[in-house]
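One-letter residues, chain by chain:
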Amino acid sequence: MKALLFLIFLSPFALQAQNKKPLTHDVYDGWKSVGAKNISNDGKYFSYEINPQEGDGELLIQNFSGTYSLKIPRGYNATITEDSRYAIFKIKPTYKETRDAKIKKKKPEEMPKDSLGMVKLGEDSVWKDARVKSFSTPEKGSGWVAVQMEKALPDSAKKKAKPDSLQLRIDSLMRLTDSLIRKSLDSVKGNVSREELIKATQKTIKQIYKEAKDDQQETDAVIAEGDDPKKDMSGDLHVKNLDKNTTRVFKNVNEFLFDKPGNNLLIETAKNDKDSTSKAYVLLYHLQSLKLDTLLRGFNEAKNYSFDEAGKQLAFVVEKDSSAKSLQKFYKLWYYTQGADSARIIIDRNTSGIKAGECVSDNAKLNFSKDGNKLFFGTAPIPAVKDTNLVDFELARLDVWHYNDDYLQPQQLKQLAKEQKRSYDAVYFPATGNMLQLGAKDAENIQLVDEGNADWVLAETTSGNRVALQWEGRIKSSADVISLNTGERKKILYNSYGSFRASPKGKFVYWYDPVQKNYFTYNVSSGVIRNITATIKEPLYDTENDVPDFPGAAGNPTWLEADEAILINDVYDIWKVDPAGIKTPINLTQGFGKKNKTEFKYVKTDDEKRFINNGETILLGAQNKANKYGGFFTKKVDDNTMPQQLVFGPHSYSSLTKAKNNNAYLLQESSIASSELYKSADMNNLDKLTDIAAQQEPYNWLTAELFSWKMYDGKMSEGILYKPMDFDPRKKYPVIFYFYEKNADGLFNYKAPSPSASTINIPWFVSNGYIVFDPNIYYKDGEPGESAYNSVVSAAKTLGKFSWIDSTRMAIQGQSWGGYQVAYLVTRTNIFRAAGAGAPVANMTSAYGGIRWGTGLNRQFQYEKTQSRIGATLWQRPDLYIKNSPVFAADKITTPLLIMHNDADGSVPWYQGIELFTALRRLNKKAWLLEYNDEDHNLVQRKNRKDLSVRLGQFFDYYLKDTKPANWIKYGVPATDKGRDWGLEIE
């Protein structure tokens, strides 16, 4: 009976997994996943990529009916044309080709290049073109593709083979000559007969002649290849008519751009530097008539090309008057309209409306309003002329920090390039020829309204509030309405934490106020501000906010047609709210969310759609917050019915893509067991397209379950418990606790085995006989360390009571904020046999005033307002900073600690890891510091990720499984061995 009960207890997964092997670090490169997806507008065809983590992927093109499938090795970046007739894509060189070229240290122009592939949907033949740089198709038109070729290899690069070849020949001839001399000497000694010597001499002469002839032929071939004009595709643009299968080639093209309807193609050609009479051109190729117009000739630089929506107007900026070596360049705004002979100047620094000392900016994006009646451009102060009399090596190098600066110097330096390119918006009216300056230093951010069609713009500024960013972590802003008729500015609201936005049709400005936890609107016509959600009693904010700051909104609002209503999220449900604040808000989802603990979010299936149509049935993404099930519902926006369930269950869903003109969908369905691509015509019945999970069949995979327990403070918490597929309750398993904030909502997320950027790779550890537990952590202000203790240690004690957990072999690991918590926990408990802390803050007193070098921001706001959760300044509560800093209790640490902190960390200063390590070293504690050179907060380079993955496995195997230690654990890696011995060997 006991045996029978045991068999019943065992999961089907466990029975299947008895003979499966554990994952190794060698599986990472070949592990595949679904990549970029695309779907035709008519919903009949789609494409998707399947890519390994490193190596050659493939592009698949299929139809929804399942009767057509085409596989393109190494295909990627596919585009399906607007008319749903063609798929155009790039094809990568083989991974081996690129790798070999890198090994040989080839120059960028000599590296293997992409090819272009094109297929008519439904057919199998693929047209290809080699050495392609980029391609483009019209956004709203069809029948054309423009392909820019890579520049041809320079002759010098091609002929480089000649001396290499000759050197090989010389080496070979020297060997032949040496052999002949040796035989001659042997002949003198009597060891070789005269006849043998003659034959050897004749053979050597023939070989010398043959190799010299081969060398000459190879040299001639290389020279001929370099001089072949047919192979010189330097910057050429191939404009292809897909219907007629014709191509027109434009030489030496710098830039090209289709208008949206696909009626015209803008082409900028470069001048030939070898020809003094050559000029640069801006051309317009009319795709219907095949006529070519010259819009501009002879200039130094043209840029920022922009068509209007209909393709009948074109604008760009040009620097034409000064020489290429001029120290000061003045750009002018040029304009072309359909039917004109050429483009003309409409704005320069002398135009009425341009302020003295300013000019047209070459860094601002040009935008026509949707109706084509306005052209928005940018102005900027004229840059100062560089003093060429200054000698560089005699100049001081320093940064001056001033207490009244808007931003600290490190942040200023990080934003320097952006500030040097800063421009202020202005508008030009083609019908009248007038312009109006909009942006200014106290209105630096301008938002166009109703795609530029409205007669006003929204101006926002943070001026006067920027210094407080240092400790607030956010900036108050002020908003104005600027009339495009008169230029008049009207105040909306000043010094607010709200983020201001305009409604789609421009009737309202709206914002969420985190202080009042409500939504507000400003009626543009009346100037009235109203709290439009005051009567909603459900919280419209993040109720789980546990940092000492105002909570964020529960969701992102969505507007209905004609600005009639706005949809606003509470914690679970969606409300239909009157933006005028007159009508009573309606719970659109009828309280279904709150009743069933299901969170609803509106799913936007068309990126171009700015609002929901009246009477429309919308798609809602949903997640049950209790069991973590995910799925989709539908709801009509103008009735009182309950949301209708489509697909819902023990999965998570992502990457939803819908056909623009049909009900055809692609989406990924995931769980811990798989992550596959599906297609659907109704979002109810899903048809699986991929079987990527087959790659994990040989391996002992993992399971995931939700686990709840009572923390020391008496409150319940939850987390994800990962077990091996071959889990046997009769065994005792070592356990690693990994944590970062709250991850339990990700119960049904797939986890691929991949080299670690900073944290343990859960599939590898579980497959290799570990239990991994990821507990949610709930925080109290001023007690981040003890909050982690309350959550993690209580979880460890609870799990330790199970017979299948070896409570003497438990460990913890985390990165960044998780790394800090690991460092703190080992000062408070010795129940963990080993610990790994990535980029930990060890000393909050020294970190408080430090810099996040990645952004240049000061770190004070983190401790007072956000993740570090102290909630006070260092001088107000020094006790809290010391209490929560692991370095002040380093003498209490008995747990072996592996620290990773990289020397280019832009988030947590590197010295934090050093402070902790040097303290432990002095105390003769077991500690290691992994410092990856030139790496940021999380590892970027794959070679380093692989290295860390191996070391994490070796470290925890040694302490939790009693395996032999790797040499780096026993002896370290002396600097004298760096680069030749990584210490990974196990004696």
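Everything below is about the structure shown above.
Residues numbered from 1 in each chain as written. Predicted model: local features only at pLDDT ≥ 70, side-chain atom pairs only at ≥ 80, totals over all residues. Heavy atoms only, no water.

**Q** If you had to explain the overall build of the protein to someone new, which residues and values would you point to?
**A** For the protein, the helix and strand inventory stands at 19 helices and 55 strands. Residues counted as buried form 50% of the 987 residues belonging to the protein. Taking as baseline every contact in the protein between residues at least 6 positions apart, the subset at least 24 positions apart corresponds to 55%. Of the roughly 47,900 Å² of accessible surface on the protein, a fraction of 49% belongs to carbon and sulfur atoms. (Helix = DSSP H or I, 4+ residues; strand = E, 2+ residues; numbered from the N terminus. Buried < 20%, exposed > 50% of the residue type's maximum accessible area, 1.4 Å probe, protein only. Contact = heavy atoms within 4.5 Å. Areas by Shrake-Rupley, 256 points an atom, 1.4 Å probe, with all protein chains shown as cover.)

**Q** Explain the packing of aromatic side chains residue by residue, including any values.
**A** Within this structure, the stated rule accounts for 48 aromatic pairs. When the ring of F727 is compared with that of Y733, the centres are 5.3 Å apart and the planes differ by 25°; the resulting orientation is stacked. With respect to burial, F727 and Y733 carry one shared label: buried. With centroids separated by 4.8 Å and ring planes inclined at 20°, the aromatic side chains of W817 and Y820 adopt a geometry described as stacked. Of this pair, W817 and Y820 both sit in helix α13 (residues 817–828), separated by three residues, roughly a single helical turn. Judged by relative accessible area, which is 5%, W817 ranks as buried. Among the aromatic residues, those joined into a cluster by ring pairs are F707, W709, F727, Y733, F737, F773, F802, W804 and F832. Positioned above the aromatic ring of Y541, the side-chain terminus of K517 is 5.5 Å from the ring centre. Between the NZ or CZ atom of R869 and the centre of the ring of Y779, over which it lies, the distance is 3.8 Å. (Phe/Tyr/Trp six-rings, centres within 6.5 Å; stacked < 30°, edge-to-face > 60°. Lys NZ or Arg CZ within 6 Å of the ring centre and 35° of its normal.)

**Q** An account of the nonpolar core is needed here, citing residue identities and associated values.
**A** Grouped together as the largest cluster of nonpolar side chains are 55 residues, with contacts concentrated most on F737, I812 and F832. Non-local contacts of F737, meaning those with residues more than four positions away in its chain, are made with F773, V792, A795, A796, L799, M810, A811, I812, Q813 and F832. V27, L702, L930 and F955 belong to the second-largest nonpolar core, a separate cluster that totals 39 residues. (Core = buried A, V, L, I, M, F, W, Y, C linked by side-chain atoms within 4.5 Å.)

**Q** Break down the sheet that holds strand β43 (residues 665–671) for me, citing the residues and quoting the values.
**A** Overall, antiparallel pairing links the four strands, which are arranged β42-β43-β44-β45 in an open sheet. The open sheet is flanked by β42 (652–658) and β45 (687–688), the only strands paired with a single partner. Summarising the sheet, strand β44 (residues 674–680) and β45 pair through two bridges and their orientation is antiparallel. What sits directly across from K679, in β45, is D687. (Pairing = 2+ DSSP bridges.)

**Q** I'd like to hear about the pattern of salt bridges, residue by residue, with values.
**A** All chains considered together, the criterion is met by 48 salt bridges. Taking the shortest distance from any N to any O, the salt bridge between R942 and E54 comes out at 3.4 Å. In this pair, R942 sits in helix α18 (residues 942–961) while E54 sits in the loop between β2 (45–52) and β3 (58–63), placing the two residues 888 residues apart along the sequence. Judged by its relative accessible area of 24%, E54 falls in the partly exposed class. With a closest N to O distance of 3.9 Å, E301 and K303 form a salt bridge. (Salt bridge = Lys/Arg side-chain N within 4 Å of Asp/Glu carboxyl O.)

**Q** Run through the packing of helix α12 (residues 784–799) against α13, naming residues and quoting values.
**A** Two elements in contact, α12 and α13, have axes whose closest approach is 9 Å; the angle formed by their N-to-C orientations is 80°. It follows that α12 is roughly perpendicular to α13 by the angle criterion. Two secondary-structure elements touch here, α12 through P784, G785, E786, A788, Y789, V792 and V793 and α13 through W817, Y820, Q821, Y824, L825 and R828. (Axes fitted to C-alpha atoms, helices over the stretch in contact; angles between N-to-C directions. Parallel < 35°, antiparallel > 145°, perpendicular 65-115°, else oblique.)

**Q** Pulling in residues and values, what's your account of α12?
**A** With 16 residues, α12 should reach 22 Å at 1.5 Å per residue; the first-to-last C-alpha distance of 23 Å fits that figure. Within α12, 14 of the 16 residues are buried, which leaves it mostly tucked inside the rest of the structure. (Expected span 1.5 Å × (residues − 1).)

**Q** Residue-level account of the environment of T808, with values.
**A** Here T808 shows up in strand β50 (residues 805–815). Exposure remark for T808: the relative accessible area of 51% places this residue in the exposed category. Residues T808 and L960, 152 residues apart in the sequence, show an inter-C-alpha distance of 8.6 Å. Within the structure, T808 has its side chain in polar contact with the side chain of D806 (distance 2.5 Å). (Polar contact = N/O pair within 3.5 Å; in protein donor to acceptor, adjacent residues only side chain to side chain.)

**Q** If you had to explain the pairing of strand β27 (residues 456–461) to someone new, which residues and values would you point to?
**A** For a regular strand, the rule is simple: side chains alternate between the two faces of the sheet. Burial within β27 is extensive, with six of its six residues counted as buried. Here β27 shows no split at all, with W456, L458 and E460 on one side and V457, A459 and T461 on the other all buried. Inspection of the sheet shows strand β26 (residues 445–447) paired to β27 by three bridges, in the antiparallel sense. Across the sheet, residue I446 finds its bridge partner in β27, namely A459. As judged from the six bridges shared by β27 and strand β28 (residues 477–483), these two strands associate in the antiparallel manner. Opposite W456, over in β28, you have S483 as the bridge partner.

**Q** Lay out the pairing of strand β15 (residues 281–286) in plain terms, naming residues and giving numbers.
**A** The buried fraction of β15 is high, at five of six residues. The pairing of strand β14 (residues 264–269) with β15 spans six bridges and is classified as antiparallel. By the bridge assignment, I267 is partnered in β15 with L283. One ladder, built from six bridges, connects β15 with strand β16 (residues 291–297); its direction is antiparallel. Its bridge partner lying in β16, Y285 is registered against L292. Hairpin connection, β15 to β16: the antiparallel pair is bridged by four residues, and L290 has positive phi, about 60°.

**Q** If you had to explain the sheet that holds β27 to someone new, which residues and values would you point to?
**A** If you trace the four strands from one edge of the open sheet to the other, you get β26-β27-β28-β29, paired in antiparallel fashion. The sheet is open, and its two borders are formed by β26 and β29 (489–496), each paired with just one other strand. On average, each strand axis in the sheet is tilted by 20° relative to the strand beside it, whichever way the strands run.

**Q** Lay out unusual backbone geometry in plain terms, naming residues and giving numbers.
**A** Positive phi values are uncommon outside glycine, yet R74 reaches one of about 65°. Along the chain, R74 turns up in the loop between β4 (69–73) and β5 (75–80). Here R74 falls in the partly exposed class, since its relative accessible area comes to 24%. Backbone geometry places A562, a non-glycine residue, at a positive phi of 60°. Assignment of secondary structure puts A562 in the loop between β34 (558–559) and β35 (566–569). Of the residues examined, A562 reaches a relative accessible area of 29% and is grouped as partly exposed.

**Q** How would you summarise α18 if you had to cite specific residues and measurements?
**A** The periodicity of an α-helix, 3.6 residues per turn, causes residues three or four positions apart to be oriented the same way. Compared with the 28 Å implied by 1.5 Å per residue over 20 residues, the 27 Å span of α18 between its first and last C-alpha is a close match. Following α18 by one or two positions, D962 has its phi on the positive side, about 60°.

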